[in-house]
Number of protein chains: 2
Amino acid sequence: MKKTNRQSTLQLSTSQEDYLKEIFLLSERGEPVTTLALAQKIGVKSASVTDMIKKLMELGLVQRKPYQAIYLTEAGNRVALEILRHHRLLETFLAEKLGYRLDEVHGEAEQLEHVISEQFEKAIARMLGHPRRDPHGDPIPTFNLVMPTDTTERTLYSLKKGDRAQITRIMLQDRQSLKHFKTLNLLPGTIITVLDKFEDCMQLSILGQEQKPIKIPLSISEEIMIVPSSLISGKTQ
Amino acid sequence: MKKTNRQSTLQLSTSQEDYLKEIFLLSERGEPVTTLALAQKIGVKSASVTDMIKKLMELGLVQRKPYQAIYLTEAGNRVALEILRHHRLLETFLAEKLGYRLDEVHGEAEQLEHVISEQFEKAIARMLGHPRRDPHGDPIPTFNLVMPTDTTERTLYSLKKGDRAQITRIMLQDRQSLKHFKTLNLLPGTIITVLDKFEDCMQLSILGQEQKPIKIPLSISEEIMIVPSSLISGKTQ
DNA sequence: TTAATAATTTAGATTATTCTAAAAGTTTAA
DNA sequence: TTAAACTTTTAGAATAATCTAAATTATTAA
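Enquirer: Any details on the sheet that holds strand E7 (residues 209-217) of chain A? Residues and values, ideally.
Expert: Residues and elements named next belong to chain A. The sheet built from six strands is open, its strands ordered E3-E8-E4-E5-E6-E7 with antiparallel pairing. The sheet is open, and its two borders are formed by strand E3 (154-155) and E7, each paired with just one other strand. Judged from the five bridges that link them, strand E5 (residues 191-197) and strand E6 (residues 201-206) form a sheet pairing that is antiparallel. By the bridge assignment for E6, Lys-197 is matched with Met-202.

This is the structure we're talking about:
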C-alpha cells in the first residue's frame, strides 16, 4: 500500500484517496454514488469497490449499508477536499508556471496530488496568489477546506438569444474536447454573445473575434458555466 | 505495486526505483554494495533486499551472483541517473522557487522524484536555467543522463593552512548537520580561508565575516567539496 | 407479482512488497 | 584451520489492492 503525504493524522494510500475524491465528485454533481459508478470512474471492477468501501467504512471515512448508496462522513469529506485542493492548485501551477496546456494538466496533477506535502501546497498557493479557480475554472477548496461557491454562475445553456456572458468554467473532462475548446478560444475569461439558439444548438460570437461565430450543441452548453454580462465583477480568479 | 511515471519502456515501482538509486549512490561513493548496506539505506530487512535484487536481475537492471557484490547493468544505470536527475532538479526547484530550506528539500524530492513526468522534468529544468548542481552542490545528471564531473573539485580536508577556496558541495545527508551548516553560512558558493589545520580539526574564516572564525572536525571536512581559489571560474552553477 | 435483468457482494486467487525465524554460506581471528 | 561472528538466503506468512466467477440481492417490465 503506497502511503501518501497528508497533514491529518491518518495515513491513506493513493488508492484510498482516489476513492474518496471520486465519491465526492459524483455526489457534488448529483450523480448516484454506486459501486458501479465508482468502479467505472476509478477504472477497477465492482468487486474491488465493495472491498475498498468496506475498508473506508472501518476507517470512518465513508458510510453505507450493503446495497445502499455510498456517502462520505465529515472526516471523509475533509480528505476529499484536501485532495481536490491539491489537484486544482497543481493544475493551476502546471498551467501558469510550467506552461502546460489545458488538456495536459489533469493527468500530471492526478499523480502529484497524493504526494505533495502541506508545505508544498502552501508554497504553490502562495506563489499563485491563492487562486480561487483552476485553469478549467473549477473552484479550488480554500486552505481551511471550504469549497467556494459562486451563486451568479449558471450554464451557458440557460442563456437566451442576445444574452452576453463571461465563461467561468469548462466542465468537460476529456482531453479531446479540451483541446477543441482551446482552439475555439472558449475558455474561462472569454466573453461571448448568444447570436441564436435553436432546438439542438446555439450560435455564439466571441468578444474580439466577432467575425467567426461558433456553433455549440446544447448538450455541451450545459457543461459550460458562465456569469451573465451584467454581473461581471472584473475578476474571475 | 505503485507504478511510476518514467520515460523509458519499462514501468518500475517506486520501490524498485529506490533500490536502483541506492545501488548507484553506494557504488558512486566507493562503498560496498551489499545486501545489508542496501537494507540499511532503504530501511528494509536484508531478506527483502535479496528478493528485490532477484526481481531487478530478472528485469536486467542489476547483476550479481548469490553472496556476491551487487551492481547495475547499463540499463539499470540509466534508470538510476534518471531518478537522480529528477531528485536533484526537484531539490533545486524547491529551494529556488518554493523557498524551501536546505534541510527540507530532500524529503519532498524523495517523494516527487518517482511521480513527475518527462514534461515536468523538462519544464522545471528550463525554468531553473538547466542547473548543473542542486542546492547541496551535488551534480545533476544532464538531460541525456550523463553525470557531470568537476576535476578541479577536492575535499576541504585536502587544503593547507593559508589556502583559500570556494565551497562547491556539502555531502552531509542528515537534516541536523545541514541546518547547522546553514547557520554557519558554510554553503555552496561560500569562499573560505584555512586559518589553521590541526590533528583533529581545521579553523576557517568565511569571506565577508572574517571576524568569527569557524572550527570544523577533519572527519567532516572530508564531506565538504571545494575548488581552490586560484581555479574559481566565476560560476558555480 | 414474478421473471428477467442489472447491480452488488462473496469466495477464492494473484501480484507486489514486506516481514520473521531459521538455515546456509562467508569471513575472521585465535 | 576451525569455531565464532556475521551476512545472506530460504521458507513461510502478512497486508494491500486488485481480479474472475459465482452467488446474492434489487429493480424493472411484462
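Enquirer: Mind laying out the sheet that holds strand E4 (residues 164-170) of chain B, listing which residues take part and the relevant values?
Expert: Residue and element names in this part refer to chain B. Within the open sheet, the six strands sit side by side as E3-E8-E4-E5-E6-E7. Their pairing is antiparallel. Looking at the sheet topology across the chains shown, the edges are occupied by strand E3 (154-155) and strand E7 (209-217). On the sheet, helix H7 (residues 175-184) packs against E4, strand E6 (201-206), E7 and strand E8 (224-228) and is oriented at approximately 155° with respect to E7.

Enquirer: Please give an account of the interface of chain A and chain B that cites residues and values.
Expert: Listed by partner, the interface residues are 20 residues for chain A and 20 residues for chain B. Together chain A and chain B conceal approximately 1,800 Å² of surface at their shared face, both sides included; 67% is due to carbon and sulfur atoms. Linking chain A with chain B are zero salt bridges. Applying the counting criterion to the chain A and chain B interface returns six residue pairs in polar contact (both at pLDDT 80 or more). Every element with two or more residues in the side of chain A that touches chain B is listed here: helix H4 (74-96), helix H5 (105-112) and helix H6 (118-127) of chain A. The greatest single-element share of the side of chain A that touches chain B, amounting to five residues, is contributed by H6(A).

Parameters and conventions
Residues numbered from 1 in each chain as written. Chains lettered and ligands numbered in written order. Predicted model: local features only at pLDDT ≥ 70, side-chain atom pairs only at ≥ 80, totals over all residues. Heavy atoms only, no water. Pairing = 2+ DSSP bridges. Helix = DSSP H or I, 4+ residues; strand = E, 2+ residues; numbered from the N terminus. Contact = heavy atoms within 4.5 Å. Axes fitted to C-alpha atoms, helices over the stretch in contact; angles between N-to-C directions. Buried area = accessible area lost by both parts, 1.4 Å probe. Salt bridge = Lys/Arg side-chain N within 4 Å of Asp/Glu carboxyl O. Polar contact = N/O pair within 3.5 Å; in protein donor to acceptor, adjacent residues only side chain to side chain.

No statement about biological role is implied by the geometric values presented.
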